[in-house]
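Listed here are the chains, written in short residue letters.
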Amino acid sequence: MDHLAVKNCSSLKTEELRSRFQSSLAANCHTLLQTHAEVDSIMDFARSTARGLAASPRRLDCQFLYDHQGSALYEQITRQPEYYPTRTEDAILAEAAEEIRQLTGPVTLLELGSGSSTKTAHLLRAYGDSGASACYVPIDVSLSALQAAGRSIRSGHDNIQVVGLHSTYDQAIPLFAVASPAMAIFLGSTVGNLTAVEAGRFYRSMAEALQPGDYFLLGVDLVKDIRIIEAAYNDGAGVTAEFTRNLFARMNRELGSAIELDSVEHLARYSEARQQIEIHARFNHPGRIEIAPLRKSFEVGAGEEILVEISRKFKLDQLIPELETYGFGIKRVFTDPKQWFTLLLLQRGRPITFS
Ligand code: AVJ
């Protein structure tokens, strides 16, 4: 079997989806549940782009950076010498995987934004080699990334069952309740792409979906010297700039826009006040963004900057108390020798019982 059997579930309600997910986990075979139709995703992109361009200041949703081309460019970013987060987190995981497995015992691994699942290989090795068979649920909006990940996992890890979810985080998280005992995994400091308010909502929905005793492994990038952070988002080879421009190339491909890509400049600056990288696309010439599916179009002025992504950086003494307010206890903090990045093993609190 080269491809995962794809089941299109895009018309199902959360309840039905949850039971479909539960029976896929129980079925002991590889599956890919698609909760998201391809047509939906073009309309989602169109609506989100229109909303972002109508807002002031203008800001686009960074989840749309990851189409087929964008995911490939992102993979390339992770290999740039300036981009330290991926290799730092990978080294922490390689070191910590076995200890994490011992702390959690057997759990279903639920990975949000799994991408190519390369870092997760350390965890899969630890859980798969432990004798018991394990179940891995990669969740991604990129179907091609999910299929590639599924293929490589099935060829490298015999006793791991793969149940992929092609869906957004919002669609996937409510399904987690039926996977307990489980560990949700959110690596790469992707939580940093959410605003503080969005992150709060995310932690709350995660706390609601996980059962008491379930685990949550969260990877976050830490505050450090600005020069190191800014270099990571301004790589010398220009791959990150290409990644930013691809969002506009995608508008040309999917929304019928005709944006002159050469005039779109990538700007990545760190704001100390907001503790985040802010990536803007600057239009060097006036332009127009056409959204054909909605019959809308937006003028962009010369020199105008559109926010395409933020990447927040964290301090443990702020983040840990915040997570505790959502009912997550800290089981273990893993970090690298330079303290550039951290992996937090959290556990959803058990309700206090009196006997
Ligand atoms: C998806 C969170 C891992 O914010 O560092 C990398 C995305 N954007 N370079 C990050 C990204 C530009 C990345 N993460």
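What counts as what
- Residues numbered from 1 in each chain as written.
- Predicted model: local features only at pLDDT ≥ 70, side-chain atom pairs only at ≥ 80, totals over all residues.
- Heavy atoms only, no water.
- Core = buried A, V, L, I, M, F, W, Y, C linked by side-chain atoms within 4.5 Å.
- Buried < 20%, exposed > 50% of the residue type's maximum accessible area, 1.4 Å probe, protein only.
- Helix = DSSP H or I, 4+ residues; strand = E, 2+ residues; numbered from the N terminus.
- Pairing = 2+ DSSP bridges.
- Axes fitted to C-alpha atoms, helices over the stretch in contact; angles between N-to-C directions.
- Contact = heavy atoms within 4.5 Å.
- Salt bridge = Lys/Arg side-chain N within 4 Å of Asp/Glu carboxyl O.

K.L.:
Explanation requested: the nonpolar core in the structure shown.
P.N.:
Side chains that are nonpolar tend, in soluble globular proteins, to be buried together. Among the nonpolar cores identified, the biggest contains 41 residues, and Phe-21, Phe-176, Val-191, Phe-202, Tyr-203, Met-206 and Phe-216 are the most heavily contacted of them. For this core, the element with the highest residue contribution is helix H8 (residues 196-209), accounting for six residues. Counting residues in each nonpolar core, the second largest holds 37 residues, with Phe-64, Ile-77, Ile-277 and Ile-306 among its members.

K.L.:
Sorry if this is basic, but what is going on with the sheet that holds strand S9 (residues 276-283) here?
P.N.:
Strand pairing in a sheet takes place through backbone hydrogen bonds and is either antiparallel or parallel in direction. The three strands lie next to each other as S8-S9-S12, forming an open sheet whose pairing is antiparallel. In this open sheet, the two edge strands, each paired with only one partner strand, are strand S8 (264-271) and strand S12 (305-312). The mean inter-strand angle of the sheet, taken between neighbouring strand axes irrespective of direction, is 20°. Alignment of S9 against S12, held across seven bridges, turns out to be antiparallel. By the bridge assignment, Arg-282 is partnered in S12 with Glu-305. The sheet strands contacting helix H10 (residues 239-254) are S8, S9 and S12, and the helix crosses S8 at an angle near 120°.

K.L.:
Before we go on, may I ask you to explain the pattern of salt bridges in this structure?
P.N.:
Any two side chains of opposite charge can pair, so long as their charged atoms come close to each other. Per the counting criterion, the structure on display carries 17 salt bridges. One salt bridge in this structure joins Glu-98 and Arg-101, with 2.7 Å as the shortest N-O distance. Here Arg-101 and Glu-98 lie together in helix H4 (residues 84-104), a separation of three residues that amounts to about one turn. Two residues, Asp-225 and Arg-227, come together in a salt bridge whose shortest N-O distance is 2.6 Å. Among the charged side chains, a salt-bridge network with shared partners connects Asp-221, Lys-224 and Lys-313.

By themselves, these observations are geometric and do not establish any function.
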